Amino acid sequence: MANRVAIGLGSNLGNSREILEKSIGELGRARGILVEKISRYYRTVAIGPPQPDYLNACVILRVDLTPLELLDALLAIERKFGRVRLERWGPRTLDLDLLLYDDFVLETAELEIPHPRFRERAFVLVPLAEIAPDWRDPVSKQTIRELRESVDCSGVSVW
Ligand SMILES: Nc1ncnc2c1ncn2[C@@H]1O[C@H](COP(=O)(O)O)[C@@H](O)[C@H]1O
Ligand SMILES: Nc1nc2c(c(=O)[nH]1)N=C(COP(=O)(O)OP(=O)(O)O)CN2
């Protein structure tokens, strides 16, 4: 499969561990997607309005899908796990963010790649650095390891 992709997973409603494990299973069964690497699971202090801690992880995929086809697949899996969009940065059963798609840079109303906020998020950079430390962000030109070293990781611990 041609394209390398990084996905961030997050959940803070329901049985988050089971939801993340099952959603990775769904990714592996989806057409045109191969799951190549899975990070450990991390408990992370919520960023945004007061709400329970999150369970976060990252996966590396190989995909034979365009970015928009992949986004549709991610949104379908979120819906399957009962995701309802209530408030921005609010609690959710499952959030799947497309972080990096090879070295593509894309900015449309529907999809932005790399994910616009991933560089400042320890809950993304800690698990991502575990499985793809040398991947270079095509915008900042920094590696994931370098980005991880530039954020405060005190709210992130292995589950
Ligand atoms: N890189 C992206 N990954 C996931 N979703 C994205 C990305 N860029 C734009 N979007 C749009 O955001 C909503 C989902 O927002 P959440 O707040 O993460 O639920 C999605 O419908 C995409 O159109
Ligand atoms: N610890 C932690 N905090 C979070 C998390 C998360 O996964 N872990 N996701 C959020 C993302 O919220 P949303 O998807 O509404 O925003 P985005 O479009 O900026 O990703 C907001 N806060």
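Being a predicted model, the structure only gives us computed values, none of them experimental.

Criteria and thresholds
Residues numbered from 1 in each chain as written. Chains lettered and ligands numbered in written order. Predicted model: local features only at pLDDT ≥ 70, side-chain atom pairs only at ≥ 80, totals over all residues. Heavy atoms only, no water. Near = heavy atom within 4 Å. Polar contact = N/O pair within 3.5 Å; in protein donor to acceptor, adjacent residues only side chain to side chain. Areas by Shrake-Rupley, 256 points an atom, 1.4 Å probe, with all protein chains shown as cover. Helix = DSSP H or I, 4+ residues; strand = E, 2+ residues; numbered from the N terminus. Nonpolar A, V, L, I, M, F, W, Y, C, P; charged D, E, K, R; others polar. Salt bridge = Lys/Arg side-chain N within 4 Å of Asp/Glu carboxyl O. Buried < 20%, exposed > 50% of the residue type's maximum accessible area, 1.4 Å probe, protein only. Core = buried A, V, L, I, M, F, W, Y, C linked by side-chain atoms within 4.5 Å. Contact = heavy atoms within 4.5 Å.

All right, on to the site of ligand 2 then. Taken together, 14 residues sit near ligand 2, with T44, V45, I47, R117 and R121 positioned nearest. Contacts to ligand 2 include T44, whose side-chain N or O atom sits 2.8 Å from a nitrogen atom. D95 places a side-chain nitrogen or oxygen 3.1 Å from an oxygen atom of ligand 2. Protein coverage of the free-state accessible area of ligand 2, which is 490 Å², stands at 91%. At the level of elements, strand 4 (54-63) and strand 5 (95-101) are the ones that each hand at least two residues to the shell around ligand 2. A breakdown of the residues in the shell around ligand 2 according to their chemical character gives 6 nonpolar, 3 polar and 5 charged.

One pass over the full model with this rule turns up 10 salt bridges. Between E18 and K22 there is a salt bridge, with the nearest N and O atoms lying 3.3 Å from each other. Separated by 4 residues within a single helix, E18 and K22 lie in helix 1 (residues 16-29), roughly one turn from each other. Residue classification places K22 among the partly exposed residues on the basis of a relative accessible area of 46%. A salt bridge links E26 to R29, with the nearest nitrogen and oxygen atoms 3.6 Å apart. Placement of the pair is E26 and R29 together in helix 1, with a separation of 3 residues, close to one helical turn. Overall, the relative accessible area of 61% leaves R29 in the exposed class.

Further remarks concern the nonpolar core. Residues V5, I7, I33, L61, L70 and L98 are the most contacted members of the largest nonpolar core, which totals 27 residues. At the level of secondary structure, the elements contributing two or more residues to this core comprise strand 1 (3-11), helix 1, strand 4, helix 2 (67-80) and strand 5. Beyond its immediate chain neighbours, meaning those up to four positions away, L61 contacts N3, R4, V5, I7, L27, I33, L34, V35, E36 and L70. One finds C58, L100, A122 and A132 within the second-largest nonpolar core, a separate group that totals 21 residues.

Take it as geometry only, folks, not as evidence of what the structure does.
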